[in-house]
Amino acid sequence: TPSITKITLNLKPTRWFEFNYFHGWLVSDVIDSSRSYFVPGNSGATYVRVYHQKYLAANMFTFTPFRNLNISVGNSIIYSDIGVHPAYLIPVFFFKGIDHTLSGYSDNMNSQMYLDISSRNLRHLHLYGTMFVDEVNIGNMFTDSLQSNFFSWKLGARLSDYPLENISLTAEYTRSNPLVFKHYLLTTNFESNKYNLGHYLTDNAQEIYMNLQYKPIRGLVIDLWWLYAQKGPDYTELATERLGRPFMKTVEWENNTFGLKGRYEIINDGYIYAGFEFSNISGDVNIYTDEMWHGKTSTVSVGINFGF
């Protein structure tokens, strides 16, 4: 996703609390025809496109009730066409409530909430999970139509230095319900420059990821990993009803990839790396995958980088 212009705030007043906030200027790529205009010239009139304004405000409260346990909650909002509003520059607000006061029934905002838990309380084991709430349908909260609630969540675990030193195993599962990260208005969807700001698979998708990492000597890291990802139907493209859409009714796209990568730190923050990947990507490849990775492919990569 392209970088956005933003102002940020970070506060850590005590050992057990941290606060983060930012306000960003997004690129809507939606033409505002009422403000666009023609400029006459020698070769004819030139149409000057003016785009709708689009902004993102977000905050996160992180609590550490005891050592090695972090619990974070926060909310965000994408809004448009009212300029930079002072209410969204107040870092600690619940932005959805502010919108109901400012906009009433106007469709010029899209709000989200999120929860993140990270625990290292068991020796050698890191447990973590994230829940992203794009929209909640209270009427279907406790029914079989859970797909009417636009959630995306990830669960993961990483076991390090047990039973063998310098070896770690990571396992993750990610699921995104239909229509999470999406919105019916282009001026307030969860995008900038037409790039989604959420999970790279967007909605109606799931992913399994596993990684075995080995550090045989100082500065050398070897990763053996596997990724299995699937996407279901695109209900936005099909123009169906938003509520009650089934999760992964059919598999429209699939990626099964194995990889091996080695990285060595030759000087401080200076790395060389080499890797090999074997992928089998099938389904609607013309929609979701660049042509060079259609079907079964093998990829070799080598490189050098500094600072990250």
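Before going into details, it helps to say that this report is about the structure given with it. (Residues numbered from 1 in each chain as written. Predicted model: local features only at pLDDT ≥ 70, side-chain atom pairs only at ≥ 80, totals over all residues. Heavy atoms only, no water.)

1. Structural notes on the overall build of the protein
Okay, so step 1: The number of helices and strands found in the protein is 3 helices and 17 strands.
Okay, so step 2: The buried share among the 308 residues of the protein stands at 37%.
Okay, so step 3: Nonlocal contacts in the protein, meaning residues at least 24 apart in sequence, comprise 56% of its contacts between residues at least 6 apart.
Okay, so step 4: Accessible area for the protein stands at about 18,100 Å²; split by element, carbon and sulfur atoms hold 59% of it.
Okay, so step 5: Of the side chains in the protein, 24 bear a positive and 28 a negative charge, and the two mean positions are spaced by 6 Å. (Helix = DSSP H or I, 4+ residues; strand = E, 2+ residues; numbered from the N terminus. Buried < 20%, exposed > 50% of the residue type's maximum accessible area, 1.4 Å probe, protein only. Contact = heavy atoms within 4.5 Å. Areas by Shrake-Rupley, 256 points an atom, 1.4 Å probe, with all protein chains shown as cover. Lys, Arg positive; Asp, Glu negative; His and termini not counted. Charge placed at Lys NZ, Arg CZ, Asp CG, Glu CD.)

2. Some thoughts on the pattern of salt bridges
Okay, so step 1: Across all of its chains, the model carries 5 salt bridges by this definition.
Okay, so step 2: Notably, a salt bridge pairs Arg-218 with Glu-265, separated by 3.4 Å at the nearest N-O pair. Of the two residues, Arg-218 sits in the loop between β13 (205–214) and β14 (220–231) while Glu-265 sits in strand β15 (residues 253–267), which places them 47 residues apart along the sequence.
Okay, so step 3: With relative accessibility at 61%, the residue Arg-218 sits in the exposed group.
Okay, so step 4: Counted as one network, the salt bridges with shared partners bring together Lys-182, Asp-203 and Asp-234. (Salt bridge = Lys/Arg side-chain N within 4 Å of Asp/Glu carboxyl O.)

3. Quick notes on the pairing of strand β8 (residues 125–135)
Okay, so step 1: Note: strand β7 (residues 109–122) against β8, 8 bridges, orientation antiparallel. Note on β8: the bridge partner recorded for Asp-116 is Thr-130.
Okay, so step 2: Connecting β7 to the antiparallel partner β8 that follows it, the hairpin turn spans 2 residues, and His-124 within it adopts a positive phi of roughly 75°.
Okay, so step 3: Note that β8 and strand β9 (residues 150–160) share 10 bridges and pair antiparallel. When the sheet's bridge partners are listed, Met-131 is paired in β9 with Trp-153. (Pairing = 2+ DSSP bridges.)

4. Some remarks on the side chain of Ser-28
Okay, so step 1: Along the chain, Ser-28 turns up in the loop between β2 (17–25) and β3 (37–39).
Okay, so step 2: Its relative accessible area of 8% is what places Ser-28 among the buried residues.
Okay, so step 3: Dropping the residues within four chain positions of it, Ser-28 is found in contact with Tyr-51, His-52 and Lys-54.

5. Digging into the pairing of β7
Okay, so step 1: Bridge count between strand β6 (residues 69–80) and β7: 11 bridges; the pairing is antiparallel. Within β7, the residue paired with Ser-76 across the bridge is Gln-112.

6. With respect to the environment of Thr-14
Okay, so step 1: Counting through the fold element by element, Thr-14 comes out in strand β1 (residues 5–14).
Okay, so step 2: For Thr-14, a relative accessible area of 29% translates into the label partly exposed.
Okay, so step 3: A distance of 3.3 Å separates polar atoms of two side chains, one belonging to Thr-14 and the other to Trp-16. (Polar contact = N/O pair within 3.5 Å; in protein donor to acceptor, adjacent residues only side chain to side chain.)

7. What to know about the nonpolar core
Okay, so step 1: If you look at the biggest cluster of nonpolar residues, it comprises 13 residues, and the most contacted ones within it are Phe-19, Ala-57, Ile-77, Tyr-79, Tyr-88 and Phe-95.
Okay, so step 2: Of all the secondary structure elements, the ones that give two or more residues to this core are β2, β5 (54–63), β6 and α1 (95–103).
Okay, so step 3: When neighbours within four sequence positions are excluded, Phe-95 is seen to be in contact with Tyr-21, Ala-57, Ala-58, Asn-59, Asn-75, Ser-76, Ile-77, Ala-87, Tyr-88 and Ile-90.
Okay, so step 4: One finds Ile-78, Phe-132, Val-180 and Phe-190 within the second-largest nonpolar core, a separate group that totals 12 residues. (Core = buried A, V, L, I, M, F, W, Y, C linked by side-chain atoms within 4.5 Å.)

8. Re a nonpolar patch on the surface
Okay, so step 1: There is a patch of nonpolar side chains on the surface, built from Leu-159, Tyr-162, Leu-169, Ile-208, Met-210, Leu-212, Tyr-214, Ile-222, Leu-224 and Leu-260 and spanning about 840 Å² of accessible area.
Okay, so step 2: Elements with a contribution of two residues or more to the nonpolar patch: β13 and β14.
Okay, so step 3: The element that contributes the greatest number of residues to the nonpolar patch is β13, accounting for 4 residues. (Patch = residues over 30% accessible without salt bridge, like charges linked within 9 Å, V, L, I, M, F, W, Y side chains within 5 Å.)

9. A look at the packing of aromatic side chains
Okay, so step 1: Here the structure, examined in full by the defined rule, presents 15 aromatic pairs.
Okay, so step 2: Between the aromatic rings of Phe-132 and Phe-181, the centroid separation amounts to 5.0 Å while the plane-to-plane angle is 40°, which identifies the pairing as tilted. Of this pair, Phe-132 sits in strand β8 while Phe-181 sits in the loop between β10 (167–176) and β11 (191–192); the two residues are 49 residues apart in sequence, bridging distant segments of the chain.
Okay, so step 3: For Phe-132, a relative accessible area of 12% puts it in the buried group.
Okay, so step 4: Phe-181 gets classed as buried once you look at its relative accessible area, which sits at 4%.
Okay, so step 5: An aromatic cluster is built from Trp-25, Tyr-55, Tyr-79, Tyr-88 and Phe-95, whose rings are joined through pairwise contacts. (Phe/Tyr/Trp six-rings, centres within 6.5 Å; stacked < 30°, edge-to-face > 60°.)

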